[in-house]
Amino acid sequence: MKTFYQILANTVLANVTNMTVWFAMIFFIYLETKSVTATSIVSGIYLVMTASLGIWFGSLVDHNKKKNVMILSGVISLIIYIIGFVIYISAPAETWKSPTSIILWIFVPLLLVGVIAGNIRSIAVPTLVTILIPEEARAKANGLTGTAFGIAFLICSAISGLLVGAGGMYYVLILGIAMMMLSILHIWFVEIPE
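Remember, predicted model here, so these are calculated numbers, not experimental data. Every chain begins its residue count from 1, and numbering advances along the sequence as written. Under the rules for a predicted model, residues below a pLDDT of 70 receive no local features and side-chain atom pairs below 80 are neither given nor counted, while totals for whole chains, interfaces and linings still include all residues. The side-chain figures draw on all heavy atoms in the structure; neither hydrogens nor water molecules are used.

Asks: Explain the packing of helix 1 (residues 2–33) against helix 3 (residues 66–90) to me, please; I cannot follow it from the model alone.
Replies: Between two packed helices, what matters for the description is the angle formed by their axes and the separation of those axes. Where helices are involved, their axes are fitted lines through C-alpha atoms of the stretch in contact, as for all axes, and angles between N-to-C directions lie from 0 to 180°. Each helix is a run of DSSP H or I of at least 4 residues and each strand a run of E of at least 2, with the numbering of both proceeding from the N terminus. At a minimum axis separation of 12 Å, helix 1 and helix 3 run at an interaxial angle of 30 degrees. Classified by the angle between their axes, helix 1 and helix 3 sit roughly parallel to one another. For the element pair helix 1 and helix 3, the recorded crossing hand is left-handed. Residues Ile 7, Thr 11, Thr 17, Asn 18, Val 21 and Phe 28 of helix 1 pack against Met 70, Ser 77, Tyr 81 and Tyr 88 of helix 3. In terms of residue class, the contact of helix 1 with helix 3 is built from six nonpolar, four polar and no charged. Any angle between 65 and 115 degrees counts as roughly perpendicular, while under 35 counts as roughly parallel, over 145 as roughly antiparallel, and the rest as oblique. Take the far helix as the reference: if the near one is turned anticlockwise from it by less than a right angle, the crossing is left-handed, and if turned clockwise, right-handed. Between two residues, a contact is recorded if the distance between any of their heavy atoms is within 4.5 Å. Just so you know the grouping, Ala, Val, Leu, Ile, Met, Phe, Trp, Tyr, Cys and Pro go in nonpolar, Asp, Glu, Lys and Arg go in charged, and all remaining residues, Gly too, go in polar.

Asks: Help me understand the nonpolar core, please; the structure alone is not making it clear to me.
Replies: One broad rule of soluble globular proteins: the nonpolar side chains tend to lie buried together. As used in this record, nonpolar core signifies buried Ala, Val, Leu, Ile, Met, Phe, Trp, Tyr and Cys residues forming a set joined through side-chain atoms within 4.5 Å. Accessible area is worked out with a 1.4 Å probe on protein chains only. A residue is then buried under 20% of its type maximum, exposed over 50%, and partly exposed in between. Among the nonpolar cores identified, the biggest contains 60 residues, and Ile 7, Trp 22, Tyr 81, Leu 111 and Met 169 are the most heavily contacted of them. Of all the elements in the fold, those that place two or more residues in this core are helix 1, helix 2 (36–63), helix 3, helix 4 (102–132), helix 5 (138–167) and helix 6 (169–188).

Asks: How should the pattern of salt bridges be read in this particular structure?
Replies: Pairing between side chains becomes possible if they bear opposite charge and their charged atoms approach one another. Every case where a carboxyl oxygen of Asp or Glu lies within 4 Å of a side-chain nitrogen of Lys or Arg is listed as a salt bridge. Scanning the entire structure with this criterion turns up one salt bridge. A salt bridge links Glu 32 to Lys 97; the nearest nitrogen and oxygen atoms lie 3.0 Å apart. In this pair, Glu 32 sits in helix 1 while Lys 97 sits in the loop between helix 3 and helix 4, placing the two residues 65 residues apart along the sequence. You can call Glu 32 partly exposed: its relative accessible area is 21%.

Asks: I keep staring at helix 5 and nothing clicks. Help me out?
Replies: Because each turn of an α-helix spans 3.6 residues, side chains separated by three or four positions in sequence point in the same direction. Here the expected length of a helix is defined as 1.5 Å per residue gap, with one fewer gap than residues. Over its 30 residues, helix 5 runs 43 Å from end to end, which matches the ideal 44 Å to within 8%, given 1.5 Å per residue. The quantity called bend is, for any residue, the angle between two axes fitted respectively to the seven residues ending at it and the seven beginning at it. In the structure, helix 5 departs most strongly from a straight axis at Cys 156, where the bend amounts to approximately 25 degrees. Buried within helix 5 are the following residues: Ala 141, Thr 145, Ala 148, Ala 152, Cys 156, Ser 160, Leu 163 and Val 164. Of the surrounding secondary structure, the elements contacted by the buried residues of helix 5 are helix 1, helix 4 and helix 6. Looking one or two residues beyond helix 5, the residue adopting positive phi is Gly 168, at roughly 60 degrees.

Asks: Sorry if this is basic, but what is going on with the packing of aromatic side chains here?
Replies: One pair of aromatic rings is described through two measures. These are the centre distance and the angle between the planes. Within 6.5 Å between ring centres, the rings of Phe, Tyr and Trp (the latter by its six-membered ring) count as paired, and their orientation is classed by plane angle as stacked under 30 degrees, edge-to-face over 60, tilted in between. In total, this model carries 11 aromatic pairs according to the counting rule given. Between the aromatic rings of Phe 28 and Tyr 88, the centroid separation amounts to 5.8 Å while the plane-to-plane angle is 70 degrees, which identifies the pairing as edge-to-face. Pair noted here: Phe 28 is in helix 1 and Tyr 88 is in helix 3, with a separation of 60 residues, a long-range link. Taking relative accessible area as the criterion, Phe 28 reaches 2% and is therefore assigned buried. Here Tyr 88 falls in the buried class, since its relative accessible area comes to 14%.

Asks: What is the right way to read the side chain of Arg 121 from this model?
Replies: Within the secondary structure, Arg 121 sits in helix 4. Residues in contact with Arg 121, not counting those within four places in the same chain, are Asn 10, Thr 11, Ala 14, Asn 15, Met 70, Ser 73 and Ser 183.

Asks: Can you walk me through a nonpolar patch on the surface in this structure?
Replies: Residues Phe 27, Tyr 30, Leu 31 and Val 36 make up a contiguous nonpolar surface patch of about 360 Å² in total accessible area. Per-element accounting of the nonpolar patch gives the leading share, three residues, to helix 1. Examined against the element boundaries, Tyr 30 turns out to sit in helix 1. The exposure class of Tyr 30 is partly exposed, given its relative accessible area of 39%. Each patch is built from salt-bridge-free residues with over 30% relative accessible area, joining like charges within 9 Å and nonpolar side chains (Val, Leu, Ile, Met, Phe, Trp, Tyr) within 5 Å. For the area figures, the Shrake-Rupley method with a 1.4 Å probe applies, and any residue is considered shielded solely by the protein chains shown.

Asks: Explanation requested: unusual backbone geometry in the structure shown.
Replies: Apart from glycine, the bulk of residues carry a negative phi angle, and the bulk of peptide bonds sit in the trans form. Of note in the backbone geometry, Lys 34 takes a positive phi value of approximately 60 degrees without being a glycine. A relative accessible area of 58% means that Lys 34 is categorised as exposed.

Asks: It is not clear to me how the environment of Asp 62 should be interpreted in this structure. Could you clarify?
Replies: Along the chain, Asp 62 falls in helix 2. Between the alpha carbons of Asp 62 and Gly 165 there is a distance of 40 Å; along the sequence they are 103 residues apart.

Asks: Would you explain the environment of Ser 183 in this entry?
Replies: As for its placement among the helices and strands, Ser 183 is situated in helix 6. Ser 183 sits in the buried class, given a relative accessible area of 0%. Note: C-alpha distance between Ser 183 and Gln 6 (177 residues apart in sequence) is 11 Å. Non-local contacts of Ser 183, meaning those with residues more than four positions away in its chain, are made with Asn 10, Leu 13, Ala 14 and Arg 121. Here a polar contact is recorded for every N or O atom pair within 3.5 Å, except that within protein the pair must consist of a potential hydrogen donor and a potential acceptor, and residues adjacent in sequence are included only if both atoms are side-chain atoms. Among the polar contacts listed, one links the side chain of Ser 183 to the side chain of Arg 121, at a separation of 3.3 Å.

That is the geometry; function is a separate question.
Written out as structure tokens, the structure reads:
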């Protein structure tokens, strides 16, 4: 159970990070462009990407060690958040004001890929219940998994609004990079018997 609790804590950290970036991006785009259409397009891209990649992500989890795919998920997000941060600090402020900005529409799908890469972890964690937990305790473990995902979702909406209000995407991406590095480092040292 100790290993499972460590994985759940790590998952909360990673999910809060990814969902904070997602929520913050929606807030940021609306506040900067004042365009509901732009935020709708971003939400649509997120929905289509999530739906179209779900089966492939499931097959990745099925055919690889869960720890490896969780690390892969974190590394993809980390690399993308670093690239996004470089784009964000390099672009002039007026770049973000126009819903027709090419840099904006490179930045947004890029960050979406980083957020959606976190879905690999979200698929892997429930499968660890059957690997790590005896059958009689699986109902409780499944409940804890759902609770962990719910807590992450609850926390991120408040954090993302505060961060965007304080400094646009700057603090969001700094937090995303730092927390994803911490998540990867932590999961690296968790022993998962697979």
